[in-house]
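Report on the structure
What follows is the residue order along each chain.
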Amino acid sequence: MKKKNEELDLSLLCKYCFQVLESALDKKDYKQVPLPEEFKGKSYPLFVTWTLGKEKELRGCIGTFEESKLDTQLGKYALISAFEDDRFEEPINKKELKNLNCEVSLLINFEKAKDAMDWEVGTHGIDIEFEDNKGTSFTATFLPEVAQDEGWDKRTTLKYLVQKSGYMGSLDKVIKNIRLTRYQSLKKTISYNQYKKMK
């Protein structure tokens, strides 16, 4: 898994995601949108997040922890997060475009943590997996910015992440069973207005 901290202009990837989204909304083949040259052939685990307005209200966020070729996967996840995030009843539509922000996160520095508390708010994203006393498996992740943006400490973050996994019991019942992987991200957010200025 990547350990490097490359100097990459991630705003170009956000621009690419906006171009892909616009193509799809116009019923055009998004695969005709070219990935910026400097990213061709590069692979990362990645997430694409769409938010609305200055408040950055979540509108879609989906990605993958698999090493994914940006050439083929970034556009795909830009659209999956815009149209298929099942937390939202409606997919993103053309009317929302002008208020959208796009955030691209490339995930790096994956490390197995010693225990559920072996990570830092504001530095690490966390991915958890655990089983309950019936042997049912649960998994969930928060990107690095989530805990900091929400003002949560580590324990509160874990509580909400355990809930996100679909587990209905308390954190205390499973905290000893949690296998936690921590990771970091290279990320950039641009607004639709910033995107239009880049064209």
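Residues numbered from 1 in each chain as written. Predicted model: local features only at pLDDT ≥ 70, side-chain atom pairs only at ≥ 80, totals over all residues. Heavy atoms only, no water.

Think of a ball as big as a water molecule: rolled over the atoms, this probe shows where empty space is left. By volume, the largest pocket amounts to about 840 Å³. Along its surface, the largest pocket is lined by 29 residues, and Leu-58, Cys-61, Arg-87, Leu-143 and Val-146 are the ones closest to its centre. Of all elements in the fold, only strand 1 (43-52), strand 2 (57-69), strand 5 (137-142), helix 3 (144-150) and strand 6 (179-191) reach the threshold of two or more residues within the lining of the largest pocket. Broken down by element, the lining of the largest pocket gets its largest block of residues, 6 residues, from strand 2. When its volume is computed, the second largest pocket comes out at roughly 150 Å³. Looking at the second largest pocket, the residues that line it are Gly-53, Lys-54, Lys-98, Asn-99, Leu-100, Asn-101, Ser-191, Tyr-192 and Asn-193. Within the residue set of the lining of the second largest pocket, elements represented by two or more residues are strand 3 (100-112) and helix 6 (192-198). (1 Å grid on protein atoms, 1.4 Å probe; cavity = no way out; pocket = protein on both sides within 12 Å on 5 of 7 lines; lining within 4 Å. Points joined across faces, edges and corners; volume = space filled by probe spheres on them. Helix = DSSP H or I, 4+ residues; strand = E, 2+ residues; numbered from the N terminus.)

Let us now look at the packing of aromatic side chains. All told, the structure shown has 13 aromatic pairs when counted by the stated rule. When the centroid spacing of 5.3 Å and the interplanar angle of 75° are considered together, the rings of Phe-65 and Tyr-183 count as edge-to-face. Within this pair, whereas Phe-65 is found in strand 2, its partner Tyr-183 is found in strand 6, the two being separated by 118 residues in sequence. With relative accessibility at 0%, the residue Tyr-183 sits in the buried group. Considering the side-chain rings of Phe-138 and Tyr-167, the 5.4 Å spacing of their centres and the 75° angle between planes classify their relative orientation as edge-to-face. You can see Phe-138 sitting in strand 5 and its partner Tyr-167 sitting in the loop between helix 4 (154-164) and helix 5 (171-174), a full 29 residues away along the chain. (Phe/Tyr/Trp six-rings, centres within 6.5 Å; stacked < 30°, edge-to-face > 60°. Buried < 20%, exposed > 50% of the residue type's maximum accessible area, 1.4 Å probe, protein only.)

Among the structural elements, Gln-184 can be located in strand 6. Using a relative accessible area of 24% as the deciding quantity, one classes Gln-184 as partly exposed. Considering only alpha carbons, one finds Gln-184 and Lys-40, 144 residues apart in sequence, at a separation of 22 Å. For Gln-184, the contacting residues outside a window of four places in its chain are Leu-106, Leu-107, Ile-108, Asn-109, Thr-123, His-124 and Pro-144. Side chain to side chain, Gln-184 and Asn-109 meet in a polar contact 2.8 Å long. (Contact = heavy atoms within 4.5 Å. Polar contact = N/O pair within 3.5 Å; in protein donor to acceptor, adjacent residues only side chain to side chain.)

As a further point, take the packing of helix 1 (residues 11-25) against helix 2 (residues 70-83). At a minimum axis distance of 9 Å, the contact between helix 1 and helix 2 shows a crossing angle of 60°. Classified by the angle their axes make, helix 1 and helix 2 are oblique. Classified by chirality, the crossing of helix 2 by helix 1 is right-handed. Only Leu-70, Asp-71, Leu-74, Gly-75, Ala-78, Leu-79, Ala-82 and Phe-83 of helix 2 make contact with helix 1, whose side of the interface consists of Leu-13, Tyr-16, Cys-17, Val-20, Leu-21, Ala-24 and Leu-25. Residues of the contact of helix 1 with helix 2, tallied by class, amount to 13 nonpolar, 1 polar and 1 charged. (Axes fitted to C-alpha atoms, helices over the stretch in contact; angles between N-to-C directions. Parallel < 35°, antiparallel > 145°, perpendicular 65-115°, else oblique. Left-handed = near helix turned anticlockwise from the far one by under 90°. Nonpolar A, V, L, I, M, F, W, Y, C, P; charged D, E, K, R; others polar.)

Moving on, we come to helix 2. A rise of 1.5 Å per residue sets the reference length of helix 2, with its 14 residues, at 20 Å; its end C-alpha atoms lie 19 Å apart and thus fit the reference within 8%. Of all 14 residues in helix 2, 10 are buried; the element is thus mostly enclosed. Every buried residue of helix 2 is accounted for by Leu-70, Gln-73, Leu-74, Gly-75, Tyr-77, Ala-78, Leu-79, Ile-80, Ser-81 and Ala-82. Packed against the buried residues of helix 2 are helix 1, strand 1, strand 2 and strand 3. (Expected span 1.5 Å × (residues − 1).)

Moving on to the pattern of salt bridges. For the coordinates displayed, the defined rule picks out 13 salt bridges. Ionic pairing is found between Lys-196 and Glu-22, a salt bridge with its closest N-O pair at 3.8 Å. Of this pair, Lys-196 sits in helix 6 while Glu-22 sits in helix 1, and the two are 174 residues apart along the sequence. Using a relative accessible area of 12% as the deciding quantity, one classes Glu-22 as buried. One salt bridge connects Lys-114 with Asp-118, and the closest N-O pair in it is separated by 3.8 Å. Classification of Lys-114 by relative accessible area gives exposed; the value is 73%. By sharing partners, the salt bridges in this structure join Glu-111, Lys-114, Asp-118 and Arg-182 into a single network. (Salt bridge = Lys/Arg side-chain N within 4 Å of Asp/Glu carboxyl O.)

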